[in-house]
Amino acid sequence: MRADAVPVLTARGVSIEYDVDPPVRAVRNASLTLHRGEILGLAGESGCGKTTLAYGINRLLKAPALMTAGEVTFHDADGRDIDVVELRGDSLRRFRWDKVSMVFQGSMNSLNPVMSIRAQLHDVFTTHRPGMTRREREARCAELLGLVGVDPSRLSSFPHELSGGMRQRVMIAMALALDPQVMIMDEPTTALDVVVQRGIIREIMRLRERLGFAVIFITHDLPLLIEISDRIAIMLEGEIVEQGTAVEIYRAPRHDYTKRLLASFPSLRGDRGDFVRRGAVTTGGAA
Amino acid sequence: MSFYLRRITFYVVTLWAAISLNFLLPRLLPGDPAQIMIGKLRRANGGRPISEEMIDAITSILGSDEGSMWDQYLAYWGRLLQGDLGVSSTRYPAPVAELIAQALPWTIILVGVATVISFVLGIVVGAWVGWRRGTWLDHLVPITTVFQSIPYFWLALVLVAVFSVNLGLFPIIGGYDFFAFPAGPEWSWAFVGSAVTHAILPATTIVLSSVGGWLLGMRNMMVSTLSEDYVVTAEAKGLTPRRIRTRYAARNAAIPSLAGFGIALGFVVAGSIVMEQVFSYPGIGKLMIQSVQGLDYALMQGVFLIITITVLAANFFMDVIYGFIDPRARHNG
Amino acid sequence: MDDAQSTLDPAVADDEITSNRAIAFDSPAAADAVREASRETVAIATPPSRRFRNLLPRRSAKLVGGLVIVGAIVLFGILGPLIAQPPRDSDNPSLEPPSADHWLGTTKLGYDVFAQLAWGAQGSLMIGLVAGTIALVLAVVFGVLAGYFGGVVDEALSLLTNIMLVIPGLPLVMVIAAYVQRSEGLGDFARSSVLVAIVLGITGWAGSAVVLRAQARSLRTREYVAAARVAGERAWRVIFVEILPNLVPLLAAQFIFGIIFAILGEAGLSYLGLGATGSITWGTVLNDAQTGQAVGTGAWWWFVPPGAMIAALGAGLSLINFAIDEVVNPKLRLAPENARQVRRAAKAGRGVTETGVIA
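Position labels on residues start from 1 in each chain and follow its written sequence. To read the labels, note that chains go from A and ligands from 1, taken in the order they are written. With pLDDT at 70 or above as the cut-off, local features in this predicted model cover only qualifying residues; side-chain atom pairs require 80 or more to be listed or tallied, and sums for whole chains, interfaces and linings still use all residues.

Asker: Can you help me understand the overall build of chain B in this one?
Answerer: Secondary structure is summarised from DSSP: a helix means a run of H or I of at least four residues, a strand means a run of E of at least two, and numbering begins at the N terminus for each. Helix and strand counts for chain B stand at 14 helices and 0 strands. Element order for chain B, N to C, with α for helix and β for strand: α-α-α-α-α-α-α-α-α-α-α-α-α-α. Based on the C-alpha atoms only, the size of chain B along its principal axes is roughly 80 × 55 × 40 Å. Per-residue burial for chain B yields a buried fraction of 46% across its 333 residues. Long-range contacts, defined here as pairs at least 24 residues apart, represent 74% of the contacts in chain B between residues at least 6 apart. As a rule, residues whose C-beta atom has 12 or fewer other C-beta atoms within 10 Å are exposed, those with 20 or more are buried, and those in between are partly exposed; C-beta atoms are placed from the backbone. Whether two residues are in contact is decided by their C-beta atoms, placed from the backbone, lying within 7 Å.

Rendered as structure tokens:
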């Protein structure tokens, strides 16, 4: 952990339950801390609760999910501490996207199909920055698209006219609109092919260097996290079973599940078929 | 652009099909309507023979023994394009086109306004009920299905029985007060006032029996749409509930209703025909009924044609609006 | 990040090896298919017995209510004529309000209204069923075949369907009825309810055809259908064995719509004097009521019950359709239920819930 690490988001003892019959405890007593400007990877298999936890932190839980316990505190840059769980109505809306924004999984349906890209980007500003003029908004939107490598002329397009990769970039641009301090990214590149994936990850890293926001990066792709994250948390069946720096997780995993996860990814090194035929535990290339 | 082109082509083809159907029906179905019609016209003329012109008009519409089918078909089109739809036997000697021109505005205004009110009301209330899903409003929904299944005309009968006969609040029949305006329609406020009071019950009938369908459809779509990803995104963006409800949810949810408008229009037409019978409303529907009951074939064909053209026009209009609202349709044609 | 050290996700690696895709481009049609796939209700991989049970609508108040209403009316149609007096027996005093002798009073001609209603139930239900069946068969032919085969067949059938859809139904039926009924060639058949049912059936299928076509099209792209076709199954078998069973809820819903449409249509026709004048249906009763000045003379027992029965039958069928709708689209049932539950739990202090759009 870096010595100057200042927490920006703290979640303590979060429990989320699906209120069905019988009730399903999706997240059990999860605690994590996100520091300013760092990338925290949240890894685990499908259904382990990582997306539910992220949604819970962001107060986006869909019925029948219910947060039964826990505190989520946002440590604002101006020194205040905001209790996210207690926010209601207007204060919750103001908090959203301004302090914490989110990039969703599978951008196929995350953009409104009947509104132009321009309208959807302007939306954010008309709601959160009512003082901006039309020209200022347009300029800022063009600037945002430029940041993520999308041609500003695409502002007039509709979502179905863009490719998957472009849509995801637009989502990222949208998430950056208000200069948030935290960005939660839920499998932002899983639905895309590797080349596009790489481009997007690159973009995210670059933007983070430049703008300084913290990222919670959710994915099942542990090797990717090891490459890009500062710290990683591993989730299994709703619990966070291990938390540590990327190096620690990679070199000295403590929990059984973490070890199993690491061993499940084939490596480009070693003999062909090694890990399948002989179950050899690969250590991959040097990080 | 290709979207509009395709739709226009479709409507042109359908129009051609409808006109051809109009041409074929009297010739294919059993009986000899042309002769029957000529006989009726002669009787209506007081037993005197009718002009060659009139006979020609009738045979071109209803079928004759001379000339091949193809020749008759071309002759039929010729007359149509000149606006000659024949002469009515039940309202002799009025030309069919004139009768239709008199009756059409009544129906279009009444049914048009009532349908628009019904549509807007259904969509707005449906969106609201869908938005507040999980509350007591959900129980309202089955009630609207009851209204939906009520036959237009029966509802009309009940309304008339209650409001007109018993309570005397509204006039029972007619489009306007016959006694006050014996010469027929005129452009005066008094007339408009009379027309409006006469239109209230019929309009209420239409609205009551069709609003349920729109409401239900919209509510269901709203419930589906609210679980879509882009609505979650909108909520995460911190947008006001109002904006989410209108720009994100309702706009998407309304699309299938618009698309289904064409199908619904068929029911509207059917219902209004019968409703005009109940209220003796001087519209196209009543004309159609009169012509069928009196076996006035020329009038019947003419009215059927005009009704079809009107429905096609309304459908096309709705298609244009649909293309405007849903950009995906515009771009995919 | 160092380019030379890229790690590979095994799933993506497989994909990269086996496909030739460049940059992923999501066409709207593909997006649509994915949307449909995610909306899939019945798990196709389940064994046949469970699959059938999954298709049945869940028992709910709406379903039970609907079945009770419809069942009662059907029973009325079956048993009513057995206990009522002959419907055309004019030996009774005319225009009498309901009494112990005549539960629903009498008509102007002295017919017992209850008897008319009971026989009318038989007539209307029969027309509804026959017309509904004809319409359903035509809808399957024009809808499923068009959706499954695609291409030229689809274009041709769709054009016919759309034309039928746009040409207004009741006027067309009226015109056909006018020509057919008054012609000498058909004799008694011209006034029978079977003819009315046939005419209603052949003019009322277009709406269902559109819906079935859309669904058949999306089913066509499913893996199990593709598997069957690759295995060399003949088209007919694929349609009957793979596609139609999955359309059962939709077919049932469209069939019910067809019945409602036919009964309402027949009522309208009969009311105008164009219907099955040779038989007794609820519509003919209403027609008699109209010509007998029932409204003017305040004989509510004559014109209210037939319409009320139509409305009741329609409502019952609609409720059943509702339940089927919730099977086809479980979100309709689950979303409101879940929202309600979570709201209740939050009130009880069990946790925090969203009060915005999501809950």
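Asker: Help me understand the confidence of the model for chain B in this model?
Answerer: It should be kept in mind that the predicted coordinates are not to be read in detail where pLDDT is low. In predicted models, pLDDT denotes the confidence assigned by the predictor to each residue on a 0 to 100 scale. Looking at chain B as a whole, the pLDDT averages 81, with 94% of positions reaching at least 70. Here helix 6 (residues 140-149) of chain B stands out as the least confident element of chain B, with mean pLDDT 73; helix 9 (residues 229-236) of chain B is the most confident, with 90.

Asker: Would you mind going over the sheet that holds strand 10 (residues 239-245) of chain A with me for this structure?
Answerer: The pairing of strands in a sheet comes from backbone hydrogen bonds and takes either a parallel or an antiparallel form. Residues and elements named next belong to chain A. Note on pairing: two strands pair once DSSP finds at least 2 bridges between them. Pairing is mixed across the open sheet formed by 6 strands, whose spatial order is 6-7-8-3-9-10. Both outer strands of the open sheet, strand 6 (100-103) and strand 10, are each paired with one neighbouring strand and no more. Sheet twist, expressed as the average angle between the axes of neighbouring strands with direction ignored, equals 15 degrees. Of the pairings in the sheet, the one linking strand 7 (residues 182-186) to strand 8 (residues 214-219) comprises 5 bridges and is parallel in character. Across the sheet, residue Asp-186 finds its bridge partner in strand 8, namely Ile-218. Note on geometry: axes are lines fitted to C-alpha atoms, helical ones only across the stretch in contact, with angles between N-to-C directions running from 0 to 180 degrees. Strands strand 3 (39-43), strand 7, strand 8 and strand 9 (231-236) of the sheet are contacted by helix 1 (residues 50-57), whose axis makes an angle of about 150 degrees with strand 8. In this fold helix 9 (residues 256-263) packs onto strand 9 and strand 10, with an angle of close to 105 degrees to the strand it touches most, strand 9.

Asker: Explain the interface of chain C and chain B to me, please; I cannot follow it from the model alone.
Answerer: In many reports, interface size means the accessible area that the parts give up when they come together. Contact with chain C, which involves 56 residues of that partner, is made by 59 residues of chain B. Going through the elements one at a time, helix 6 (151-166), helix 7 (169-181), helix 11 (235-271), helix 13 (300-328) and helix 14 (331-347) of chain C are the ones with two or more residues in the side of chain C that touches chain B. If one sorts the elements of the side of chain C that touches chain B by residue count, helix 13 of chain C sits on top with 11 residues. Classifying every residue of the side of chain C that touches chain B gives 36 nonpolar, 14 polar and 6 charged. Each residue gets one label: Ala, Val, Leu, Ile, Met, Phe, Trp, Tyr, Cys and Pro are nonpolar, Asp, Glu, Lys and Arg are charged, and the others, such as Gly, are polar.

Asker: Explain helix 9 of chain B to me, please; I cannot follow it from the model alone.
Answerer: A turn of α-helix holds 3.6 residues, and therefore any two residues three or four places apart point the same way. Taken across its 8 residues, helix 9 of chain B has 7 buried, putting it largely inside the fold. Residues of helix 9 of chain B that are buried: B:Tyr230, B:Val231, B:Val232, B:Thr233, B:Ala234, B:Glu235 and B:Ala236. Buried-residue contacts for helix 9 of chain B involve strand 6 of chain A together with helix 8 (189-225) and helix 10 (241-259) of chain B.

Asker: What exactly am I supposed to notice about helix 1 of chain A here?
Answerer: Residue and element names in this part refer to chain A. Judged by how many residues are buried, helix 1 sits mostly within the fold: 8 of 8 residues are covered. Of all the residues in helix 1, the buried ones are Lys-50, Thr-51, Thr-52, Leu-53, Ala-54, Tyr-55, Gly-56 and Ile-57. Note on helix 1: the residue one or two positions beyond its end, Arg-59, has a positive phi of about 60 degrees.

Asker: What am I meant to see in the pairing of strand 10 of chain A here?
Answerer: Here is the key point about a regular strand: its side chains alternate between the two faces of the sheet. Residue and element names in this part refer to chain A. Bridging between strand 9 and strand 10 involves 6 bridges; their strand directions are antiparallel. When the sheet's bridge partners are listed, Ile-234 is paired in strand 10 with Glu-242. Linking strand 9 back to strand 10 in an antiparallel pair, the connection comprises 2 residues, with Glu-237 at a positive phi of about 50 degrees.

Asker: Would you take a moment to explain the confidence of the model for chain C for this structure?
Answerer: Residues and elements named next belong to chain C. Confidence in the prediction for chain C averages 75 pLDDT; 79% of positions are at 70 or higher. Per-element averaging of pLDDT across chain C places helix 2 (residues 28-39) at the bottom with 37 and helix 5 (residues 113-149) at the top with 89. Scored by ipTM, the complex comes to 0.84, with pTM at 0.77.

Asker: Hey, could you run me through unusual backbone geometry in this one?
Answerer: Leaving glycine aside, a negative phi is the common case for residues, and trans is the common case for peptide bonds. For A:Trp97, which is not glycine, the phi torsion reads 65 degrees and is therefore positive. In this fold, A:Trp97 is placed in the loop between helix 2 (89-95) and strand 6. Of note in the backbone geometry, B:Ser280 takes a positive phi value of approximately 50 degrees without being a glycine. What makes B:Ser280 partly exposed here is the crowd of 13 C-beta atoms within 10 Å.

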